[in-house]
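Observations on the three-dimensional arrangement
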Amino acid sequence: MQSTDLGNKESGKIWHRKPSPATRDGIIVNIIHNTSDYHPKVLRFLNVAFDGTGDCLIAGDHQGNIYVFDLYGNRFNLVQRTAQACTALAFNLRRKSEFLVALADYSIKCFDTVTKELVSWMRGHESSVFSISVHASGKYAITTSSDTAQLWDLDTFQRKRKLNIRQSVGIQKVFFLPLSNTILSCFKDNSIFAWECDTLFCKYQLPAPPESSSILYKVFAVTRDGRILAAGGKSNHLHLWCLEARQLFRIIQMPTKVRAIRHLEFLPDSFDAGSNQVLGVLSQDGIMRFINIQTCKLLFEIGSLDEGISSSVISPHGRYIACIMENGSLNIYSVQALTQEINKPPLPLVKVIEDLPKKKLSSSDLKMKVTSGRVQQPAKPRGSKIQTRILKQDLTGDFESKKNELPDGLNKKRLQILLKGYGEYPTKYRMFIWRSLLQLPENHTAFSSLIDKGTHVTFLNLQKKYPIKSRKLLRVLQRTLSALAHWSVIFSDTPYLPLLAFPFVKLFQNNQLICFEVIATLIINWCQHWFEYFPNPPINILSMIENVLAFHDKELLQHFIDHDITSQLYAWPLLETVFSEVLTREEWLKLFDNIFSNHPSFLLMTVVAYNICSRVPLLNCNLKDDFEFFFHHRNNLDINVVIRQVYHLMETTPTDIHPDSMLNVFVALTKGQYPVFNQYPKFIVDYQTQERERIRNDELDYLRERQTVEDMQAEVDQQRVEDEAWYQKQELLRKAEETRREMLLQEEEKIIQQRQRLAAVKRELQVKEMHLQDAARRRFLKLQQDQQEMELRRLDDEIGRKNLTGNQAAVAKEMRADADAYRRKVDLEEHMFHKLIEAGETQSQKTQKWKEAEGKEFCLRSAKKASALSDASRKWFLKQEINAAVEHAENPCHKEEPRFQNEQEDASCLPRTSHLNDSSEMHPSTQISLNRRAVEWDTTEQNLIQKVRNLRQRLTAQARHRCQTPHLLAA
């Protein structure tokens, strides 16, 4: 047993030499974690969990250090330091590099093992989380504490639902059933409910267990197919529930040493289709016992009283068991090593006694009785003839029985009867039956040594020739072909090996060991004599097929011969692809159920039967391309008819041409090490190997020379590119320089033009400045003059105000009288105007239209004449007033009153509306409009007269002031 101390290392190898676990304990490696501080101490592991592949696991200690152990790559890495103890782990999420960890602060965190970063932080529990169950799709997770269970969406890391319970009823465990959408909740009162995950609808409740064997359930386990639930507690009894029938169907009593059960877990098997039969039971004494729930037999156990187990986890594929020991270390167990004694074939019942070297024994010299399959001591002969017959009959029966007995309790004859009755094996048990029929040894060590040699050089570029979309499938195919090439050198040169192996690789891609051993068994038994004419197709095998076809269907064979179609076209494509190109997956599985259950000649007979069953379309084919297409594509053919035809050919073919007389019987692979495969012309393979090596060396030399030439060419090209770039750069610089010169010239021209415009503007500004200075000087002189005049006028106004103060009362009285008179006149005119409007409206209703037109025309002419007369009178009156005012200003000392009266008389005597007063000849509406215009003219005329009067009075006052000024100055 190897032991590894993690110490303070963050990464390293798990083991330093290849582990070889012993059968007695099965321990691959013991992992401990001791600190290398001044006071060293042991860090105890608390939880462990496997990922979906089963080759990696994570483990956390009580200080929060979480390690990832890659058992396939032999590496460990420290991926997180949480600084607090972890209470639960889960590593089977949808994103393979992420894991969930429940911590002592009641929170759940999601970390990434590659980036070592925190992905999400989920809170919601109020007590310690002791269980994390992840849905089969990896999309949901259920975290369980003593008081609640919560359903989380791992895409958004949001809580979807929460299971609340009464305080009096605690939760034991809530988890997803494998490969289903059902949640199982188990409570401390032994009640078990099943819920639909999406709707949380209660699907059913299991009934209470019988009172005679009633125990309080504390631990639970479910088979991978979700059909059987195992429950246990503080008792040595185990209850097995059938979840489909929803009833308790078995109670298993453990040994008396078992007083309480601490953990339960089923051991997966690759060939049981999920109906696990082996259950691991961890009891209070620290020993985990594995029992068969059908036979109730103890198979093996791990742990001991001195080195007890605290908790354990089994990998999904059932290869490893990871156990946390009571001393805090971590043990990894190999299930294959633990079950090696169990899976051993039984000892042969018949012993062969060899003859002495020099003495020949006759049948009368030895007599044996075989009873119930046991060899007994010789007895005295009574009748050699009868005794020899009995001996022969008994030995034949024993050998026949031995021949039909298969591992795992199966019988080949019974399987053949079952196969003939149903046509195929049950899908659920097919892989298990194939493993038994082929008697696969499962040599893990030998297969690992082949895998450790790495990818064979022949298959390094496999993806170029066979582009497969699935990278996983391509990787498994590459590994399997490499292992076959390392097993026997002939397979590195076999061009059709990928075609032969691909359907099995696709079928067993999750179990590479089984895949390799199935293909190896197929090659050893069903591909006998295929490589004797290597590298050509097996002419001998194709001749057997052609002989059988000639016996059963001469017409079809003659049709092939007439069209130059050989067995390399109608038989070899079916053999090298093992019918995978012409059959669907279901048809192919059904066919190989029959091939693996019969003699190796069955495969050759299948080729003949396929041709015979397709004779109608084949007889209609005349072109070689049509035949090639037919044997490389799927056709409308019933596989059941083909299989029945194969059995018919097996029974009716003569012995001299029957392939079974030329092929050996089935031989299984040897246990421990694989047999040497050398059934091929070694000198050809060696020559091809040498030639290939020579060609490879020549190719390497050529590649080196080509690389040198390419490097030189690259340098020349690089130099040429650099030269071209330099010349282009120089040309660009030259063009840029010319462009800049042109730009400078243009800029200089623009500057000259701007200078010229600036000079012109300066000249204009100087002229404007001179004009402005002249204008400012004139304005200044005028301003001085105006100020002097204003000062004189101010003095005149002051003198005038002093003289006019006494006459203000009389002037005001006169103005009020004039205003009253004017107001009365306006009221009278408005009254007359309204009357004229009323009269005009009455009269307008009685007049005719032609008179209205004449009236309007006459009105317009009259209005024009009146307007002209009025304008003339106003001009004349205004001229007279202005003249009078000017004369008065020139002679200020003359008397004004008579002049003013005369002017009034003259103004009153003016002919204003003498021509418009005659209204007898006008239309009433016209008369009203003329009267309105006359009133407006009178008003305007009065305003003008008033303005003239005011002007005259002001001039008169100024004249008086001037006349009185000399007297005032003299005074």
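Residues numbered from 1 in each chain as written. Predicted model: local features only at pLDDT ≥ 70, side-chain atom pairs only at ≥ 80, totals over all residues. Heavy atoms only, no water.

The next thing to look at is the overall build of the protein chain. Looking only at helices and strands, the protein chain features 23 helices and 32 strands. If you take every contact in the protein chain between residues at least 6 apart in sequence, the share linking residues at least 24 apart comes to 57%. Element-wise, carbon and sulfur atoms account for 53% of the exposed surface of the protein chain, whose accessible area totals about 56,800 Å². (Helix = DSSP H or I, 4+ residues; strand = E, 2+ residues; numbered from the N terminus. Contact = heavy atoms within 4.5 Å. Areas by Shrake-Rupley, 256 points an atom, 1.4 Å probe, with all protein chains shown as cover.)

Scanning the model with the defined rule gives 36 aromatic pairs in all. Through a chain of ring-to-ring contacts, three or more aromatic side chains come together here, namely Trp434, Phe504, Phe508, Trp526, Trp588, Phe592, Phe596 and Phe666. Between the NZ or CZ atom of lysine 109 and the centre of the ring of tryptophan 121, over which it lies, the distance is 4.1 Å. In this structure, lysine 173 packs its charged tip against the face of phenylalanine 175, placed 5.1 Å from the ring centre. (Phe/Tyr/Trp six-rings, centres within 6.5 Å; stacked < 30°, edge-to-face > 60°. Lys NZ or Arg CZ within 6 Å of the ring centre and 35° of its normal.)

By the element assignment, alanine 22 lies in the loop between β2 (11–12) and β3 (27–32). Taking the C-alpha atoms as reference points, alanine 22 and glutamine 340, separated by 318 residues in sequence, lie 9.9 Å from one another.

Take the sheet that holds strand β12 (residues 129–134) next. Within the open sheet, the 4 strands sit side by side as β12-β13-β14-β15. Their pairing is antiparallel. At either margin of the open sheet sits one strand with a lone partner, and together these are β12 and β15 (158–164). Direction aside, neighbouring strands of the sheet carry axes that sit 20° apart on average. As paired elements, strand β14 (residues 148–153) and β15 share 6 bridges and run antiparallel to each other. The residue of β15 that forms the bridge with alanine 149 is leucine 163. (Pairing = 2+ DSSP bridges. Axes fitted to C-alpha atoms, helices over the stretch in contact; angles between N-to-C directions.)

What follows deals with a nonpolar patch on the surface. A grouping of Leu700, Tyr702 and Leu703 is seen on the molecular surface, where their side chains present a nonpolar patch of about 270 Å² in accessible area. Looking at the element boundaries, leucine 700 is found in helix α19 (residues 682–804). (Patch = residues over 30% accessible without salt bridge, like charges linked within 9 Å, V, L, I, M, F, W, Y side chains within 5 Å. Salt bridge = Lys/Arg side-chain N within 4 Å of Asp/Glu carboxyl O.)

A rise of 1.5 Å per residue sets the reference length of helix α14 (residues 585–596), with its 12 residues, at 16 Å; its end C-alpha atoms lie 16 Å apart and thus fit the reference within 8%. In terms of burial, α14 is largely enclosed, as 9 of its 12 residues are buried. Every buried residue of α14 is listed here: Trp588, Leu589, Lys590, Leu591, Phe592, Asp593, Asn594, Ile595 and Phe596. On its buried side, α14 packs onto α3 (412–422), α4 (430–438), α8 (497–507), α9 (512–526), α15 (601–613) and α18 (639–652). (Expected span 1.5 Å × (residues − 1). Buried < 20%, exposed > 50% of the residue type's maximum accessible area, 1.4 Å probe, protein only.)

What follows is about the pattern of salt bridges. Counted under the stated rule, the structure contains 29 salt bridges. Salt-bridge contacts for arginine 741 lead to glutamate 737; the nearest nitrogen and oxygen are separated by 2.9 Å. On the criterion of helical spacing, the pair formed by arginine 741 and glutamate 737 is a turn pair, its members being 4 residues apart in helix α19. When its relative accessible area of 53% is taken as the criterion, arginine 741 is described as exposed. Take glutamate 737: its relative accessible area is 42%, and that puts it in the partly exposed class. Here arginine 793 makes a salt bridge to glutamate 789, at a shortest N to O gap of 3.8 Å. In this pair, arginine 793 and glutamate 789 are both assigned in helix α19, 4 residues apart and thus about one turn of the helix distant. Where salt bridges share partners, they join Asp225, Arg227 and Glu244 into one cluster.

Spatial ordering of the open sheet is given by β1-β3-β30-β29-β28, a layout of 5 strands whose pairing is mixed. The open sheet is flanked by β1 (2–5) and β28 (309–314), the only strands paired with a single partner. On average, adjacent strands in this sheet sit at an angle of 20° to one another, irrespective of strand direction. Sheet analysis places strand β29 (residues 320–325) next to strand β30 (residues 330–334), joined by 5 bridges and oriented antiparallel.

As paired strands, β28 and β29 are joined by 5 bridges and run antiparallel to one another. Of the residues in β29, the one forming a bridge with valine 313 is alanine 322. The antiparallel pairing of β28 with β29 creates a hairpin that spans 5 residues between the two strands, and glycine 318 there sits at a positive phi of about 80°.

Take the side chain of asparagine 443 next. Mapped onto the elements of the fold, asparagine 443 is located in the loop between α4 and α5 (444–452). Overall, asparagine 443 belongs to the buried group, its relative accessible area being 4%. Residue contacts for asparagine 443: discarding those within four places in its chain leaves Leu513, Glu517, Thr670, Lys671, Gly672, Gln673 and Tyr674.

What follows is about unusual backbone geometry. With phi around 55°, asparagine 74 is a residue other than glycine that occupies positive phi space. Considering the arrangement of structural elements, one finds asparagine 74 in the loop between β6 (65–70) and β7 (75–81). The backbone of phenylalanine 157 shows a phi angle near 55°, a positive value even though the residue is not glycine. Mapped onto the elements of the fold, phenylalanine 157 is located in the loop between β14 and β15. Judged by relative accessible area, which is 11%, phenylalanine 157 ranks as buried.

The next point concerns the environment of alanine 49. Residue position: alanine 49 is located in strand β4 (residues 45–50). Classification of alanine 49 by relative accessible area gives buried; the value is 8%. The spacing of alanine 49 and asparagine 92 is 43 residues in sequence and 8.5 Å in space, taken between C-alpha atoms. Filtering out sequence-adjacent residues up to four positions away, alanine 49 remains in contact with Cys56, Leu57, Ile58, Leu89, Ala90 and Phe91.

So, about the confidence of the model for the protein chain. Averaged over every residue, the pLDDT of the protein chain is 81; residues scoring 70 or more account for 79%. Averaged pLDDT values for the elements of the protein chain fall to 33 in strand β31 (residues 370–371) and rise to 94 in β29. Segment residues 355–399 is flagged for pLDDT under 50; beyond a separation of four residues in sequence, or across chains, it makes 31 contacts in the model. Taken together, the stretch residues 893–922 has pLDDT below 50 and engages in 36 contacts with residues farther than four places along the chain or on a different chain. (pLDDT = per-residue confidence, 0-100.)

What follows deals with the pairing of strand β18 (residues 192–196). As judged from the 5 bridges shared by strand β17 (residues 182–187) and β18, these two strands associate in the antiparallel manner. Paired with isoleucine 183 across the bridge in β18 is tryptophan 195. Linkage of β17 to β18, two consecutive antiparallel strands, is achieved through a turn of 4 residues, within which asparagine 190 is found at a positive phi near 70°. The sheet contact formed by β18 and strand β19 (residues 202–205) spans 3 bridges and is antiparallel. In the sheet register, tryptophan 195 faces β19, and the bridge partner there is cysteine 202. Counting the residues that bridge the hairpin from β18 to β19 gives 5 residues, and of these leucine 200 lies at a positive phi of roughly 55°.

What follows concerns α3. For α3, the complete set of buried residues consists of Lys412, Leu415, Gln416 and Leu419. Down the axis of α3, the buried side of the element spans an arc of 100°, and every buried residue falls inside it. Exposed residues on α3 whose side chains face more than 90 degrees from its buried face are Arg414, Ile417, Gly421 and Tyr422. For α3, the N-terminal capping position is held by asparagine 411, with its side-chain oxygen 3.0 Å away from the main-chain nitrogen of lysine 413. Immediately downstream of α3, the backbone of glycine 423 shows phi near 85°, a positive value. (Arc of directions from axis to C-beta. Polar contact = N/O pair within 3.5 Å; in protein donor to acceptor, adjacent residues only side chain to side chain.)

The next point concerns the packing of α5 against helix α7 (residues 471–487). Following both chains from N to C, one finds α5 and α7 inclined at 100°, their axes separated by 8 Å at the closest point. By the angle between their directions, the pair α5 and α7 is classed as roughly perpendicular. Across from Phe447, Leu450 and Ile451 in α5, the residues of α7 making contact are Arg479, Ala483, His486 and Trp487. Classifying every residue of the contact of α5 with α7 by side-chain character gives 5 nonpolar, 1 polar and 1 charged. (Parallel < 35°, antiparallel > 145°, perpendicular 65-115°, else oblique. Nonpolar A, V, L, I, M, F, W, Y, C, P; charged D, E, K, R; others polar.)

Contact geometry of α8 with α14 gives a least axis separation of 13 Å together with a crossing angle of 105°. Taken together, α8 and α14 sit at an angle that is classed as roughly perpendicular. Contacts between α8 and α14 involve Pro503, Phe504 and Leu507 from the first element and Arg585, Trp588, Leu589, Phe592 and Phe596 from the second.

Looking now at the side chain of threonine 494. Checked against the element boundaries, threonine 494 lands in the loop between α7 and α8. Residues in contact with threonine 494, not counting those within four places in the same chain, are Phe531 and Phe534.

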